[in-house]
2 protein chains.
Amino acid sequence: MANPLQTRFHADDIAQAEHYLATDPPAELDPRVERLVNDLIGRIADKWTLLVLELLEEKGVLRFSAIGRQIDGISQKMLTQTLRQMERDGLLTRTVHPVVPPRVDYALTPLGNSLSAAFCGVWVWAERHLDIVEAARATFDARD
Amino acid sequence: MANPLQTRFHADDIAQAEHYLATDPPAELDPRVERLVNDLIGRIADKWTLLVLELLEEKGVLRFSAIGRQIDGISQKMLTQTLRQMERDGLLTRTVHPVVPPRVDYALTPLGNSLSAAFCGVWVWAERHLDIVEAARATFDARD
DNA sequence: CTGTATCCACAGTGATACTG
DNA sequence: CAGTATCACTGTGGATACAG
């Protein structure tokens, strides 16, 4: 039986995610570092970044228009912006082929892959608990 | 040596996060489910929700003002809004004590704890790769 | 103390048009 | 094809005041 999440995340990535959980995290956690980590999470956890991350993890290398086509509802502006941010953060590479018409390929870096792996647990959680959350909302909305 | 992340995440939660990664995820992943999951992630991954989740995971039970005091920069409005959303999603419980002055306690539900555990991997990733990301940004910003 | 209500400023977003 | 530029808009979020 096909298993979308298993095809989406490489076994290596999942192994690495387990590695993150199993090994000791850094000992230092002063407020400044905490703020930076929060900032970083805030940036990488936005809607479009997550979708691009997921898509590239699954598909490997894609060109600009292919990404735009496969992510529902994203505008060209937001796609460009998201890709630039991710490139700046070292999550993906942007390869411009000097041909006409222009062709630009995007692919995750190892850093991007590792982030995708780190988010694997959140994806699985969301998928697993979707029904529970919706039930909780229904209950909450019922009484007021 | 003290280890903030180990104190922040209970051993049980980490075990559960490993469980998520180790076991087979649900087989079905039609576009509708995918959209719902994306929505859900978009909601739970916002800045304040993440900070509240982290704080309550660490501290256990806290009252309204205590949360507001310990999360830097959050306004009363956003705190109320965030707590309501999380309560609606079943992530935390809101307990009103009928005393004067009023006292309202907030605590994570098992669902909230499991979400916190799922995000553990992302936290560790962010902490681990903070320097790499900042270096990537510096490199990116240098050439233009 | 724990909220709600109101107002307002501004950043994020989408639509559109245009360029190399 | 792969963007950039411009603009109008909307919602988020902060400040403030007030209520239970």
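Quick caveat: nothing in here was measured; it's all calculated off a predicted structure.

Asker: How should I be thinking about the protein's contact with DNA strand C in this particular structure?
Answerer: Inspection of the region around DNA strand C gives 16 residues, with Lys77(A), Met78(A), Ser65(B), Arg94(B) and Tyr106(B) positioned closest. Counting only the atoms of DNA strand C that lie within 4 Å of the protein, the sugar and phosphate share comes to 56%. In the model, a phosphate oxygen of DNA strand C is placed 3.5 Å from a nitrogen or oxygen of the Ser75(A) side chain. Contacts to DNA strand C include Gln76(B), whose side-chain N or O atom sits 2.8 Å from a base nitrogen. At the level of elements, helix H6 (76–88) of chain A together with helix H5 (64–70), helix H6 (76–88) and strand S3 (103–108) of chain B are the ones that each hand at least two residues to the surface near DNA strand C. At three residues, the largest contribution of residues to the surface near DNA strand C is made by H6(B). Residue composition of the surface near DNA strand C, by class: eight nonpolar, four polar and four charged.

Asker: What is the right way to look at helix H7 (residues 110–142) of chain A in this model?
Answerer: A turn of α-helix holds 3.6 residues, and therefore any two residues three or four places apart point the same way. If you check H7(A), its first and last C-alpha atoms are 46 Å apart, about what 33 residues at 1.5 Å a residue would give, namely 48 Å. The sharpest bend along H7(A) comes to roughly 55°, located at His129(A).

Asker: Where do I start with the protein's contact with DNA strand D in this structure?
Answerer: If you check the shell around DNA strand D, you find 19 residues, and the closest are Ser65(A), Gln76(A), Arg94(A), Tyr106(A) and Lys77(B). In DNA strand D, the atoms that sit within 4 Å of the protein are 58% sugar and phosphate, with bases accounting for the remainder. One of the side-chain N or O atoms of Arg63(A) is found 3.0 Å from a phosphate oxygen in DNA strand D. In this structure, a phosphate oxygen belonging to DNA strand D sits 3.5 Å away from a main-chain N or O atom of Val104(A). In the surface near DNA strand D, the residues fall into eight nonpolar, five polar and six charged.

Asker: So what exactly am I meant to see when it comes to the pairing of strand S2 (residues 92–97) of chain A here?
Answerer: For a regular strand, side-chain orientation follows a simple rule: the groups alternate between the two sheet faces. All names here are of chain A. Looking at chain direction, S2 and strand S3 (residues 103–108) are connected through six bridges and run antiparallel. Residue pairing for S3: valine 96 is matched across the bridge by valine 104. Count of turn residues in the S2/S3 antiparallel hairpin: five residues.

Asker: Explain the sheet that holds S3(B) to me, please; I cannot follow it from the model alone.
Answerer: Hydrogen bonds along the backbone pair up the strands of a sheet, which may run parallel or antiparallel. All names here are of chain B. The sheet built from three strands is open, its strands ordered S1-S3-S2 with antiparallel pairing. Looking at strand neighbours, the two that pair on one side only are strand S1 (61–63) and strand S2 (92–97), the edges of this open sheet. Between one strand axis and the next, the sheet turns by 25° as a mean value, whatever way the strands run. Each of S2 and S3 is contacted by H6, which is oriented at about 115° to S2, the strand it contacts most.

Asker: In this structure, what is going on with the pattern of salt bridges? I would like to understand it.
Answerer: When the charged atoms of two side chains lie near each other, side chains of opposite charge can form a pair. Under the definition given, this model contains eight salt bridges over all chains. For Asp141(B), the salt bridge goes to Arg88(A), with nearest N and O atoms at 2.8 Å. Taken together, the residues Asp141(B) in helix H7 (residues 110–142) and Arg88(A) in helix H6 connect one chain to another. Exposure remark for Asp141(B): the relative accessible area of 36% places this residue in the partly exposed category. Put simply, Arg137(A) and Asp89(B) hold a salt bridge, and the shortest N to O gap is 2.5 Å. Taken together, the residues Arg137(A) in helix H7 and Asp89(B) in the loop between H6 and S2 connect one chain to another.

Asker: How do you make sense of the sheet that holds S2(A) when you look at a structure like this?
Answerer: Residues and elements named next belong to chain A. In spatial order, the strands read S1-S3-S2; together these three strands make up an open sheet with antiparallel pairing. Pairing within the sheet leaves two strands with one partner each, and these edge strands are strand S1 (61–63) and S2. Strand-to-strand twist in this sheet, taken as the mean axis angle between neighbours without regard to direction, amounts to 25°. Pairing of S1 with S3, which is carried by three bridges, proceeds in the antiparallel orientation. Residue pairing for S3: arginine 63 is matched across the bridge by aspartate 105.

Asker: What is the right way to look at the nonpolar core in this model?
Answerer: Note that soluble globular proteins tend to have their nonpolar side chains buried in a common cluster. The biggest cluster of nonpolar side chains holds 70 residues, and the ones touching the most others in it are Ile67(A), Phe119(A), Trp125(A), Ile67(B), Phe119(B) and Trp125(B). Excluding residues that lie within four positions of it along the chain, Ile67(A) makes contacts with Val52(A), Leu55(A), Leu56(A), Leu62(A), Leu79(A), Leu83(A) and Tyr106(A).

Asker: Help me understand the packing of aromatic side chains, please; the structure alone is not making it clear to me.
Answerer: Pairs of aromatic rings are described using the distance from one ring centre to the other and the angle between the two planes. Summed over all chains, the structure comprises one aromatic pair over all chains. Here the aromatic rings of Phe119(A) and Phe119(B) are separated by 6.5 Å at their centres, their planes lie at 80°, and the arrangement is edge-to-face. Residue Phe119(A) is found in helix H7, and its partner Phe119(B) is found in helix H7; the two belong to separate chains. There is no split in this pair, since Phe119(A) and Phe119(B) are both buried.

How each quantity is defined
Residues numbered from 1 in each chain as written. Chains lettered and ligands numbered in written order. Predicted model: local features only at pLDDT ≥ 70, side-chain atom pairs only at ≥ 80, totals over all residues. Heavy atoms only, no water. Near = heavy atom within 4 Å. Polar contact = N/O pair within 3.5 Å; in protein donor to acceptor, adjacent residues only side chain to side chain. Helix = DSSP H or I, 4+ residues; strand = E, 2+ residues; numbered from the N terminus. Nonpolar A, V, L, I, M, F, W, Y, C, P; charged D, E, K, R; others polar. Expected span 1.5 Å × (residues − 1). Bend = angle between axes of the 7 residues up to and from the residue. Pairing = 2+ DSSP bridges. Axes fitted to C-alpha atoms, helices over the stretch in contact; angles between N-to-C directions. Contact = heavy atoms within 4.5 Å. Salt bridge = Lys/Arg side-chain N within 4 Å of Asp/Glu carboxyl O. Buried < 20%, exposed > 50% of the residue type's maximum accessible area, 1.4 Å probe, protein only. Core = buried A, V, L, I, M, F, W, Y, C linked by side-chain atoms within 4.5 Å. Phe/Tyr/Trp six-rings, centres within 6.5 Å; stacked < 30°, edge-to-face > 60°.

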